[in-house]
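Coordinate inspection notes
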Amino acid sequence: MKNRLLIAIFSMLIFWGNNNISAQVTDVYKQQRQQWLKKAAEAKPPLIKQIKKPISLVKAVKDSSAYQGWKTVKAGDINQFYRSSFKQNNVMIVDFGEHFTGTFSCTFDTLGNISDAPVRFKLTFAEMPAELGEPFDPYHGGLSRAWLQDEIVTLPYAPYTVTIPRRLAFRYVKIELLAASSYFDVCVSDINMEATSCVQESKLSLAPDTDPLIKEINRVGLSTLKECMQTVYEDGPKRDMRLWIGDLYLEALANAYSYQNNALTKRCLYLLAGLAKPSGILSSNISEVPTPRAQNSVTLDYCLLYNVVLHEYLKTSGDKETAEDLWPVAVNQLLLAQEYLNNEGLYDTAKQPQYWLVFDWKDNFDRHASIQGLMTFAFNETYQLAKLLGKESEVKELPRLINKMKKASRKYLYDKKQGVFVSGQDKQISYLSQAWMALSETLSPKECAKALQTAIQNPEACYPGSPYGYHYVIEALIKCGLGETARDMMIYYWGGMVKKGADTFWEVYDPNDDCRSPYNSHLINSYCHAWSCTPVYFINKYPDIFQK
Ligand code: RAM
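Model, not experiment: these values are computed from the prediction.

**Comments concerning the domain arrangement of the protein chain**
By the assigned domains, the protein chain splits into domain 1 (48-197) and domain 2 (199-546). When each unit is reduced to the centre of its C-alpha atoms, the spacing between domain 1 and domain 2 is 37 Å. Listed per partner, the contact involves 29 residues of domain 1 and 28 residues of domain 2. Approximately 2,700 Å² of surface area, both sides summed, lies buried where domain 1 meets domain 2, with 55% of it carried by carbon and sulfur atoms. Measuring nitrogen to oxygen at the nearest pair gives 2.8 Å for the salt bridge that ties R171 to D503. Counting across the interface, domain 1 meets domain 2 through 18 residue pairs in polar contact (both at pLDDT 80 or more). When residues of the side of domain 1 that touches domain 2 are traced back to their parent elements, those giving at least two are β1 (48-52), β4 (91-111), α4 (129-133), β8 (168-179) and β9 (185-197). When residues in the side of domain 1 that touches domain 2 are grouped by element, the largest group, three residues, is from β4. Taken together, the residues of the side of domain 1 that touches domain 2 sort by class into 13 nonpolar, eleven polar and five charged.

So, in C-alpha cells, the structure goes:
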C-alpha cells in the first residue's frame, strides 16, 4: 500500500515536472548542450561481444529453505537437451551458469517428420529461480508488466532460428511448448547468447590470503558491475536499463577500483549535462535508446551527487578539461539545493519540494537528517572540486554556508543525550541519518562513530532497505575508524546474498524479508543491480580492512 502511495507521489512529481518544463523558455546551456552531447557520443565505448552457450539442464524446485522459496537442481546434461523431444517433455530449462546480458537466439528443428504447421513456444528469461517457478500473471506490480522477460514466439516452419529483438539479462531460460501439430516433433538444435559489456577483466587483484567469502563477494560484485557497464552505466540490465545519477556515482567508484574505464564515466557525465533541463537542473535519469533522452524526474540527492561524481572523476582521471566544461552544471545543482535551506542553514521541510529524494528503498524512512547531511557533504565536495579547478572565487560563500549548516544540524538534529542524530517529527533514529551526518563531518569522527554504533546497536532503529543505503553506512563506518564493523556489515549483508545464491547483487535485499519489493512484486525487482556492486570499491580500496 505504502509502495503504491510512493509510486503515485512519484508519478505526480513527474507530471508536475513535465508541466514545469513546458513553461520554461530560456535554456541556460544553449551554448554548450550540442557540444556536450557530441563529446558524450565520442566517448561511447565499443561493446565487447562474446557468444555464450548454456551449460546444463535444470529444474526449478520449491524449497522453503531456499531464497524466495525456489532453487534450481540439475536435470540433465546439456548435450541431452539438444535434439530431445518437446512432445515428451513440454517444458525445459537451460542454465548458462552465470548472468549474461545481450541478444538471445535459438534454433528449433524437427525430429522425424517434416514440419506441416507453425509451432508456438514461450520463452522465459530468468535472473532468479523464483522467476522460473512462479507465474508472472496475474501481475500486481507497480511497474510495467512488460519488463518481465517472457516472450511468445511462433515458428512458421522448422528448422527456424528465432532472435529475440529486445536485449535480455538472465542466467536461465525456460522453454515451453505451447502449440504444435501432432504430425511432427520438435527440438532445440542450437542456442546462442551474444553477451555484451564494455569491460572484461578487473585491473586489480586481491591478496591471496583474503577471506574466501570476501573473495566471493568481490567476484559477484565485479560480475554485477560488468553486466551494468554497457554503453552507459545502467542501473540494471533487466530493469530499468537506464543511467541514474545515484547508480552512476557508485558504479564510477567501483570502476575506479576495478575495470578503470574512465571514458564511460566521462560519457555519462556529458550525457546527463547535455540532457539537463533548460533551467540547468539535472534529470535524475536518462535512457539511451532510440536516442538519448531524459526522464522528467528530478531527485535532489542525485542532482547533488552529480557534483561528487565530477569531483571523483577529476581525481581519478586527471581530466581537467571535462571537469571545467561541466563545472557550470555543478554550480546550478548547488543553486537549486540552496533554495531549500532556511536562514539558519537547515533544510526546510515545509517548502513544497519540486523533486523526489531517493536515499533508499525503505518504508517509513525519514529523510530530513539524511538530506541535510548529503547537502553538507556535497557542498564540501563541490568546494574541493572548485579548488582543484581554481574556481573558489565563484563559490566563495560555501565554507561559511557549510559551517552554518553543520551548526543547524547540531542544534536541530542531534540528540546530545542519546548521542545520535534524529530525524522528523517522531525523532526517528536510522542508520542512514548517522551515515550521512558522518560523511558531512558535522561532528568529530569519534562522535560520529558513537552515533553510528548507537543506531546499529538499537534494534528499533530504521536499517537500510537496499544495498544503496548500506553503501553509505559502510563508507561512514570506515570514515569514522570503524573498519572492523564495516567488514562485519559487508559480510552480513553482501555475504548474506552470496550465501543465498546470488550470481550478481540485487536491487533490494532485506535479510528479514526475501520477497521485499518497492514495486509490489519481487518478480519485477532487478537482481543484477549497479548500486549493489560497491563491495568491489571497498575491498580494493581498503586492503587493510578487507584483504587481511
Ligand atoms: C529505481 C532503480 C534505480 C534507482 C532509482 C531511484 O528505478 O532501482 O537504480 O536509482 O530507482
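**Here we look at the packing of helix α10 (residues 368-389) against helix α11 (residues 398-413)**
Two elements in contact, α10 and α11, have axes separated by 10 Å at closest approach and are oriented at 160 degrees. If you check the angle between α10 and α11, you find them roughly antiparallel. Classified by chirality, the crossing of α11 by α10 is left-handed. Along the contact surface, α10 presents H368, A369, Q372, M375, T376, F379, N380 and Y383, while α11 presents L398, P399, L401, I402, M405, K406, A408, S409 and L413. Its residues placed into classes, the contact of α10 with α11 shows eleven nonpolar, five polar and one charged.

**Considerations on the site of the ligand**
The environment of the ligand is formed by 13 residues, the closest being D240, D247, Y302, E507 and H529. In the model, an oxygen atom of the ligand is placed 2.8 Å from a nitrogen or oxygen of the Y302 side chain. H529 is positioned such that a nitrogen or oxygen atom in its side chain is 2.7 Å from an oxygen atom of the ligand. Summarising the interface, the protein chains cover 97% of the accessible area of the ligand, which totals 290 Å² for the free molecule. Split by residue class, the shell around the ligand holds seven nonpolar, one polar and five charged.

**Things to note about the packing of helix α7 (residues 262-274) against helix α9 (residues 320-338)**
Following both chains from N to C, one finds α7 and α9 inclined at 30 degrees, their axes separated by 11 Å at the closest point. Between α7 and α9, the interaxial angle falls into the category roughly parallel. Here α7 runs over α9; the crossing is left-handed. Contacts between α7 and α9 pair K266, L269, Y270 and A273 from the former with E321, T322, D325, L326 and V329 from the latter. Broken down by class, the residue content of the contact of α7 with α9 amounts to five nonpolar, one polar and three charged.

**Re the nonpolar core**
Within the largest apolar cluster, 147 residues are counted, with the highest numbers of intra-cluster contacts made by L305 and F379. Ignoring sequence-local partners within four residues, the contact set of L305 consists of I245, G246, Y249, L374, W436, Y468 and Y472. Within the second largest apolar cluster, 31 residues are counted, among which are L57, V94, F100 and M193.

Definitions and cut-offs
Residues numbered from 1 in each chain as written. Predicted model: local features only at pLDDT ≥ 70, side-chain atom pairs only at ≥ 80, totals over all residues. Heavy atoms only, no water. Domains from an automatic or database assignment. Contact = heavy atoms within 4.5 Å. Buried area = accessible area lost by both parts, 1.4 Å probe. Salt bridge = Lys/Arg side-chain N within 4 Å of Asp/Glu carboxyl O. Polar contact = N/O pair within 3.5 Å; in protein donor to acceptor, adjacent residues only side chain to side chain. Helix = DSSP H or I, 4+ residues; strand = E, 2+ residues; numbered from the N terminus. Nonpolar A, V, L, I, M, F, W, Y, C, P; charged D, E, K, R; others polar. Axes fitted to C-alpha atoms, helices over the stretch in contact; angles between N-to-C directions. Parallel < 35°, antiparallel > 145°, perpendicular 65-115°, else oblique. Left-handed = near helix turned anticlockwise from the far one by under 90°. Near = heavy atom within 4 Å. Areas by Shrake-Rupley, 256 points an atom, 1.4 Å probe, with all protein chains shown as cover. Core = buried A, V, L, I, M, F, W, Y, C linked by side-chain atoms within 4.5 Å. Buried < 20%, exposed > 50% of the residue type's maximum accessible area, 1.4 Å probe, protein only.

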